[in-house]
Amino acid sequence: MTGMERLERGTHPVGAKPAIGWLADHAGQLGMVTVEGPCAGGGAAVEIANPATGVVLARITQAGASDIANAIAGARGAQAGWAALPGFARAGALRAFGAALKAELDLLAVLRSLETGLPWRVTRGRDLPRALDHLHAAARAAEGGRAPGTGRQALGVVGLLSDPLDGPEDWLARAAPALAAGNAAVLHTPPGAALAAFCVAGLARAAGLPGGVFCVLCCEADALATAEGVICPDTPAPGPASGLTIVHADADLDSAVAALDDTLWATGGQKAADATRLLVQEGVAEAFHSRLRDRMARLCPGDPLDQGTDLGPLAHAGALDEFCDVARDEGAEVYRAALPLPETGRYHAPVLLTGLAPAAAAMQSGIRGPVLRSMTFRTLGEAIALAGGMQPARNAWVWSECGATAQTTALALAARKVVVNDGLGSIMPEEPAAFTRPDGMPDVPSGPPAAGTGDGAAASAAARAAQPGWAALDAGARADRLAACAEALAASDPDAAARLCAGAALATMPPSAALLAPGGGLALEIARPHGVIGAILGSDTSAADIASLVAIAAGCGNGLVVSVSSEGPQALSSAIMRGLPEGLVQLLPLTPGRLAAARGLDALWCFCPDADAQTRECATWCADASALRDDAELMRRANRRQRLWLPGG
Amino acid sequence: MPDERARAPLRPVGGDTDPPPPVRNPGLAFDADRIAAIRVNARATASQAHTIATRRPVAPAQEPAWLMRAIALTDLTTLSGDDTPGRVRRLAAKARAPLGPALTGALGPAAEGLHTAALCVYHEMIPAARAALAGSGIPVAAVSAGFPAGLSPFDLRVDEVRRSVAAGADEIDIVISRRHVLLGDWAALHAEIRAFREACGPAHLKAILATGELGSLTDVARASMVAMMAGADFIKTSTGKEPVNATLSVSLTMLRAIRAYEAETGARVGFKPAGGISKAADALSWMALVQAEAGDDWLTPGLFRFGASSLLGAIEKRLGVLVWGHAPAPWQMPMG
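Here the structure is a predicted model, which is why all the values come from computation and not from measurement.

Q: Please clarify how the sheet that holds strand β6 (residues 234–236) of chain B should be interpreted in this entry.
A: Within a sheet, adjacent strands bond to each other through the backbone by hydrogen bonds, running parallel or antiparallel. Residue and element names in this part refer to chain B. Here eight strands make up an open sheet; going across it, the order is β7-β6-β5-β4-β3-β2-β1-β8 and the pairing parallel. If you trace the sheet from one side to the other, it starts and ends with β7 (270–272) and β8 (306–308), each paired once. Here the average twist between neighbouring strands, direction ignored, is 25°. For β6 and β7, the ladder comprises three bridges, and the chain directions are parallel. Looking across to β7, one finds that Lys236 is bridged to Lys272.

In structure tokens:
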């Protein structure tokens, strides 16, 4: 035996044959799956190329307006029958769907890796099993009678918009509970992630899901969102949103560094939730960055279809080098891992930018790619302030071995999901109830409120100033203040006073939940106030209905700006003015359009049947006045959900 | 022959082409703040250890090379109350020629001259081991310092180390006082290991942390750092006598400590998982973890050892399957 030479692992190619076969079988008919009849091909044709090789995998005809209309019509036709099935029958269909998916995980993983360039270890080893978990969770929810629940019904045809590179693990998180609740789902997919989506839709149909109930369209997101007859609930906020990691000085630095393998590098920072921003406490910043650079230099770039590959090619060529140059001009130190990148394919070495200031364009930018942008902070308070001053992160990761520090940080973040001391954390499926509405209530939710100016602006600014202090109060203290208002109102309007009291009491019990996971993990779903809610009411809304709205919205910790008719509920208004913090709740004779255009609303509710289309478009919830008499629905709407994953150990 | 050992205290493997033995760890002054700042999250570490150890499998064509390396990294060990010179001689023969002639022939030139990294015995067996290994270049390692509990009088433990070195041990595997860790008395732990290191003289010191009795990964990391500060040349997981022996989480934690220590001091400290590693697949998992976390340099006997007694037999069987398609017959696997 001679000296100790380096041990080579050898290559582990994954067979692409089944996927190539699938592509050949479906050549020429990709574009629409599960709806009867051929795709009319109203949209443009796009070529799907393998990012690793540039080889064209398929040619897809994008769905045009008539295809979308057909798909929605088909979905509408199927939805009534689907919703009429008992929960266990829908669950059975979802389980059959899950079994079909499970049988084809290898094929799907290769398709995903071929079209996106994501490493097989990510698609097969991590993402697709999570997709399967979502289906099973939804099936259980349907079996358990939690979908849609008594007194509630499915929304109808639900449109689901996806982000570039979103895979089954992302959209099944919403599609599965929507289906469990009795909706038909029409999924939008961008061309770059369409092949796996089509394959899944085919599997759903083959598994016996009624035709039209789940349908995939490769089209423009707007084309589906604005189509007639489809509801797009919970539309992701537009604009750049990227994940944020916060590392405190008392964190396990090595584990925090290694977790970025999963939360950032595995997907090349290309997905909306990827942790491309980092806040690290100044005292450990150098130690953290040097460990990070070391680890970045150990990643294995290569063929996505090799089992040993950590980094695949990027799905889209971005101007990453120019971006790094700009950051360098802004004073950032640019570290680019010196990795042996394959010559063909859009590979990009992982980059760490340190020394950025909050004002730097590089920090504000939502560019996607394997570029981690890091800033330092001195104290817990400063970390929270810096995070609050950034574009809100969709997902956040907090690292601290001190429970109090981790909890305080997590609860101060606006992120929809916060993971403490872990990588991806457990899946946290949507409740099917999110895709239902009370019986008999029309529901046309739409996008987030648009920015603008108007008379409502001053009112919303005043409410925003008062809201944080109000939300910081104990829920019981808020209820007591509202009860005191009710007492003042009791003589003049006993009906409204009673509703005010009842709503305030209900608001002390927000719909938060905790779930114990194996290994002692805790998955928390925390109901948090939105902030400031705008509400547009019809002129004939009764004072008692307004009292319910005020009691529940404010009782949950929100500020509220309500447009009422000019005479308005004087007694209620004056009782509230006297009893609540100044500016928190305002009942004003604003025109609906003006309130809708007000800047700084976190949610906009429209209960006014006469509101114009533009106002309805801005609203996050549209319903008629009967919703004001449904306290449970008001409670559900008055809170946003934050998910917190606290692993055990 | 103490002079000879002083010149070449730890011989890696084989002939003259080997790299020079690594520079010994000089240690650091005790720094309580440095120790207090160490934090390890148990759950994240456990899941990462599993992922890192399994994410890059070894291709079948490469597996024999990896398994032969695993043999070259093994401290073949016998630590039983009924050890005799005869038993030690038999084990020494196995250390010199770990694979039978049939398997060696089938594996070709790569298997020629293959031997284990060391032979690990109790103090009383050192002379027998030295005699049996004479001329082979295979070092003798002795467990010492009140192994396995480490609760005999301190001066006797230091003296035991000294006498083992005098008896001819090239490497000394000491056990630490677990109570110093459990009570947070890091300065006492540092002083204790420092004393053992001084007693070792030219012999290399492996500090056994007995991680199964330390309670938390944070304490494993702190004990690792203290041992390295005190001058340990190797840190080792277990005696093999604790209820829980080497685990991947503990190994990842210790490897990270080794890297942090190297980043701070430039000194490279070796790692020895011991106890419970008995399957060929386990050996590959540990090697994958070491390669990913510490780097290729650690896949050499100067910086990595398996402490194992039954691992060698399992590797022989697996090699047989790889080259012949079936496990070797019992008469093809010389008993150790």
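Q: Got a minute to help me understand the sheet that holds strand β19 (residues 559–563) of chain A in this structure?
A: Residue and element names in this part refer to chain A. A sheet is described by the order of its strands in space; here five strands give the open sequence β20-β19-β18-β21-β22, paired in parallel fashion. Either end of the sheet is taken by a strand with one partner, and the two such strands are β20 (585–588) and β22 (621–622). Here strand β21 (residues 603–606) runs beside β22; their pairing, made up of two bridges, is parallel. Bridge pairing links Trp605 to Trp621 in β22. Seen against the sheet, helix α15 (residues 456–472) touches β18 (532–536), β19 and β20 and runs at an angle of roughly 155° to β19.

Q: Would you mind showing me how to read the interface of chain B and chain A here?
A: The extent of an interface is frequently quoted as the accessible surface area lost upon association of the parts. Listed as interface residues are 41 residues of chain B and, on the opposing side, 38 residues of chain A. Both sides together, the interface formed by chain B and chain A hides about 3,300 Å², and carbon and sulfur atoms give 46% of it. Of all residues in chain B, B:Arg43, B:Arg55 and B:Arg56 bury the most surface against chain A, accounting for 22% of the area lost on that side. Between A:Asp294 and B:Arg259 there is a salt bridge, with its nearest N and O atoms 2.9 Å apart. Taken together, the connections running from chain B to chain A amount to 21 residue pairs in polar contact (both at pLDDT 80 or more). Secondary structure elements with two or more residues in the side of chain B that touches chain A: α3 (42–54), α4 (63–72), α12 (248–265) and α13 (280–293) of chain B.

Q: Help me understand the packing of aromatic side chains, please; the structure alone is not making it clear to me.
A: The description of an aromatic ring pair uses the distance of the two centres, along with the angle that the planes make with each other. Applying the stated criterion across every chain yields a total of nine aromatic pairs over all chains. Centre to centre, the rings of A:Trp605 and A:Phe607 are 6.3 Å apart; their planes meet at 80°, and the pair counts as edge-to-face. Exposure remark for A:Trp605: the relative accessible area of 2% places this residue in the buried category. The exposure class of A:Phe607 is buried, given its relative accessible area of 2%. With a centroid separation of 5.2 Å and an interplanar angle of 85°, the aromatic rings of A:Phe607 and A:Trp621 are classed as edge-to-face. Placement of the pair is A:Phe607 in the loop between β21 and α21 (613–618) and A:Trp621 in strand β22, with a sequence separation of 14 residues. For A:Trp621, a relative accessible area of 0% translates into the label buried. Three or more aromatic residues link up through ring pairs in this structure, and these residues are A:Phe97, A:Trp171 and A:Phe214. Residue placement shows B:Lys206 over the ring face of B:Phe234; its charged tip is 6.0 Å from the ring centre.

Q: What is the right way to look at the nonpolar core in this model?
A: In a soluble, globular protein the nonpolar side chains are often hidden away together inside. Formed by 103 residues in total, the largest nonpolar core has its most connected members in B:Leu119, B:Ile172, B:Ile174, B:Met287, B:Phe306 and B:Leu319. Contacts of B:Leu319, omitting those with residues within four sequence positions, involve B:Pro64, B:Leu67, B:Met68, B:Ile71, B:Leu99, B:Leu103 and B:Leu107. By size, the runner-up hydrophobic cluster in this structure holds 62 residues, among which are A:Trp22, A:Ala139, A:Ala201 and A:Cys218.

Q: I keep staring at the environment of B:Ala232 and nothing clicks. Help me out?
A: Residue and element names in this part refer to chain B. When you line up the elements, Ala232 lands in the loop between α11 (217–229) and β6. With relative accessibility at 0%, the residue Ala232 sits in the buried group. In this structure, the C-alpha to C-alpha distance between Ala232 and Gly27, residues 205 residues apart in sequence, is 7.4 Å. Excluding residues within four positions of it along the chain, Ala232 makes contact with Asn25, Leu205, Ala207, Ala227 and Val269.

Q: Can you help me understand the confidence of the model for chain A in this one?
A: Detailed reading of predicted coordinates is not advised where the pLDDT is low. Residues and elements named next belong to chain A. Per-residue pLDDT for chain A averages 86, and the proportion of residues at 70 or more is 91%. Throughout residues 31–39 the model reports pLDDT below 50, and contacts reaching past four residues in sequence, or to other chains, amount to 27 contacts. With pLDDT under 50 throughout, residues 443–454 is counted as low confidence; its partners more than four residues away or in other chains account for 34 contacts.

Q: Is there a simple way to think about the packing of α3(B) against α13(B) in this case?
A: Two measures define how a pair of helices packs: the angle their axes make with one another and the distance between the axes. Residue and element names in this part refer to chain B. Close contact between α3 and α13 brings their axes to 7 Å; oriented N to C, the two are set at 100°. Between α3 and α13, the crossing angle belongs to the class labelled roughly perpendicular. Listed contacts from α13 to Ala49, Ile52 and Ala53 of α3 are Ser285, Ala288, Leu289, Ala292 and Glu293. A class-by-class count of the residues in the contact of α3 with α13 yields six nonpolar, one polar and one charged.

Parameters at a glance
Starting afresh in each chain, residues are numbered from 1 along the sequence in its written order. Key to labels: chains lettered from A, ligands numbered from 1, both in the order written. Only residues with pLDDT of at least 70 are given local features in this predicted model, and only at 80 or more are side-chain atom pairs given and counted; all residues enter the totals for whole chains, interfaces and linings. Only hydrogens and water are set aside; all other atoms, that is, all heavy atoms of the structure, feed into the side-chain values. Whether two strands pair comes down to DSSP finding at least two bridges between them. Labels follow the DSSP assignment, with helices taken as runs of H or I lasting at least four residues and strands as runs of E lasting at least two, numbered in each case from the N terminus. Orientation is described by lines fitted to C-alpha atoms, with helices fitted over the stretch in contact, and by angles between N-to-C directions that extend from 0 to 180 degrees. Whether two residues are in contact is decided by their heavy atoms, any of which lying within 4.5 Å being enough. Accessible area that two parts lose when put together, evaluated with a 1.4 Å probe and summed over both, is termed the buried area. Put simply, a salt bridge is a Lys or Arg side-chain nitrogen that is within 4 Å of an Asp or Glu carboxyl oxygen. Under the rule applied, a polar contact is a pair of N or O atoms within 3.5 Å (in protein, one hydrogen donor and one hydrogen acceptor; residues adjacent in sequence only if both atoms are side-chain atoms). Any two of the Phe, Tyr and Trp rings considered here, Trp counted by its six-membered ring, make a pair once their centres fall within 6.5 Å; the pair's planes then place it as stacked at under 30 degrees, edge-to-face at over 60, or tilted in between. When a residue's accessible area, from a 1.4 Å probe over protein chains only, is under 20% of the maximum for its type it is buried; when over 50% it is exposed; and in between it is partly exposed. Definition used: whenever NZ (Lys) or CZ (Arg) falls within 6 Å of the ring centre and also within 35 degrees of the ring normal, the charge is taken to sit over that ring. The nonpolar core is taken to be a set of buried Ala, Val, Leu, Ile, Met, Phe, Trp, Tyr and Cys residues, with the residues joined through side-chain atoms within 4.5 Å. The predictor's confidence in any single residue is recorded as pLDDT, a number from 0 to 100. Convention used here: angles under 35 degrees read as roughly parallel, angles over 145 as roughly antiparallel, angles from 65 to 115 as roughly perpendicular, and any remaining angle as oblique. Nonpolar residues are Ala, Val, Leu, Ile, Met, Phe, Trp, Tyr, Cys and Pro. Charged residues are Asp, Glu, Lys and Arg, and all others, Gly as well, are polar.

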